[in-house]
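# Notes for the structure review
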Amino acid sequence: MTLKTVGPVLLVGAGKMGGAMLSGWLDRGLPGERIIVRDPAPGPEIAALIAKHGIRTAIGEPPAIVVLAVKPQIMDVVLAGIAADIPAGALVVSVAAGKTLAGIARHLTPGTPIVRTIPNTPAAIGRGITVCVAGPGVSARQRAEATALLEAGGEVAWIDDEGLMDAVTAVSGSGPAYVFLLAECLAAAGAEQGIPPDLAARLARVTVSGAGELLHRSDLDPATLRHNVTSPGGTTAAALDILMGEGGLGRLMREAVAAATRRGRELAG
Ligand SMILES: NC(=O)c1ccc[n+]([C@@H]2O[C@H](COP(=O)([O-])OP(=O)(O)OC[C@H]3O[C@@H](n4cnc5c(N)ncnc54)[C@H](OP(=O)(O)O)[C@@H]3O)[C@@H](O)[C@H]2O)c1
């Protein structure tokens, strides 16, 4: 299945995540006329995409896929409002953190096929990863169609155990924020050592993105790439003694991912 033949796709909610997905779809060739966007007040970038690509904002041809990208806290209300517009047999794809297959199904015609997913914002440049779990009744064709759509945003992984989705959300869904925080903290620490803030921000930005790109292109695992920077008794080793010590990044990351996983469970509602 190719992206060009997917759809029509109804995107409900074109904010940070829905907007990132929309950019990925358009960049990779999903024709604008196969997309419908529903959002009460799309931001200027989304409005520009809608105008440029001739994307519809009202349902004409019935959608084959409905992508739900509203906040989990309003998902129940939104679903109650759009359930009647979801044609029988259309595939519903949720990207909402926490919201379970059963919680979504509750609002829809019994038997509606649903795929619960967690993408991440690098989908905007085709470098994200989306993890998916299928509910009952999702056909092989619909799975292939969902894969084609989501692959526009990068890699796609299917899992069978929905119980893992909150932990997945904590790692890859929220993960880009941890990396951006690393860049912020690295810049602030550099400035504290006397580097002019603009230069410190540039050093941190290029270092984090360059290291990410090296990790992306290299066959080596992250630990080996780290070793390659670390001269015995050198500067990196001095820093890693802090970062890898007790109370260091390992512990902080474990606690952070556990907190995000717990919050996902709470958002189930
Ligand atoms: N952001 C991420 O990195 C990320 C990653 C993985 C999954 N997710 C999931 O993606 C979903 C959206 O998150 P987000 O960060 O993109 O939030 P967001 O930026 O607030 O996007 C949600 C969008 O939905 C719009 N909306 C509100 N009510 C609506 C309605 N009745 N019908 C259609 N659209 C409506 C909002 O408009 P207003 O702003 O005008 O209310 C907003 O544009 C969440 O469920 C989240 O868990 C997000």
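Since we're looking at a predicted model, the values are computed, not measured.

It is worth spelling out the site of the ligand at this point. Taken together, 20 residues sit near the ligand, with K16, M17, D39, V70 and K71 positioned nearest. D39 places a polar side-chain atom, nitrogen or oxygen, 2.6 Å from an oxygen atom of the ligand. Within the backbone of A97, one N or O atom sits 2.9 Å away from an oxygen atom of the ligand. When the ligand sits alone it has 880 Å² of accessible area, and the protein chains cover 72% of it. Counting atoms within 2 Å of the grid points, the majority share of the ligand lands in the second largest pocket. Secondary structure elements with two or more residues in the shell around the ligand: α1 (16-27) and α3 (72-82). If you tally residues by element for the shell around the ligand, the top one is α3, at 3 residues. Its residues assigned to classes, the shell around the ligand comprises 13 nonpolar, 3 polar and 4 charged.

Right, let's talk about the UniProt feature "binding site: NADP(+)" (unreviewed entry) in the protein for a bit. Under the UniProt annotation, the feature "binding site: NADP(+)" (unreviewed entry) is placed at A69, V70, K71 and P72. From the list above, the second largest pocket is lined by A69, V70, K71 and P72. Within the secondary structure, V70 is located in the loop between β3 (65-68) and α3. With residues up to four places along the chain from it excluded, the contact list for V70 reads V12, G13, M75, V78 and A96. Locating K71 in the fold gives a position in the loop between β3 and α3. Classification of K71 by relative accessible area gives exposed; the value is 59%.

Procedures and definitions
- Residues numbered from 1 in each chain as written.
- Predicted model: local features only at pLDDT ≥ 70, side-chain atom pairs only at ≥ 80, totals over all residues.
- Heavy atoms only, no water.
- Near = heavy atom within 4 Å.
- Polar contact = N/O pair within 3.5 Å; in protein donor to acceptor, adjacent residues only side chain to side chain.
- Areas by Shrake-Rupley, 256 points an atom, 1.4 Å probe, with all protein chains shown as cover.
- 1 Å grid on protein atoms, 1.4 Å probe; cavity = no way out; pocket = protein on both sides within 12 Å on 5 of 7 lines; lining within 4 Å.
- Sits in = over half its atoms within 2 Å of the grid points.
- Helix = DSSP H or I, 4+ residues; strand = E, 2+ residues; numbered from the N terminus.
- Nonpolar A, V, L, I, M, F, W, Y, C, P; charged D, E, K, R; others polar.
- UniProt positions renumbered as here; feature names shortened; annotations may be inferred.
- Contact = heavy atoms within 4.5 Å.
- Buried < 20%, exposed > 50% of the residue type's maximum accessible area, 1.4 Å probe, protein only.

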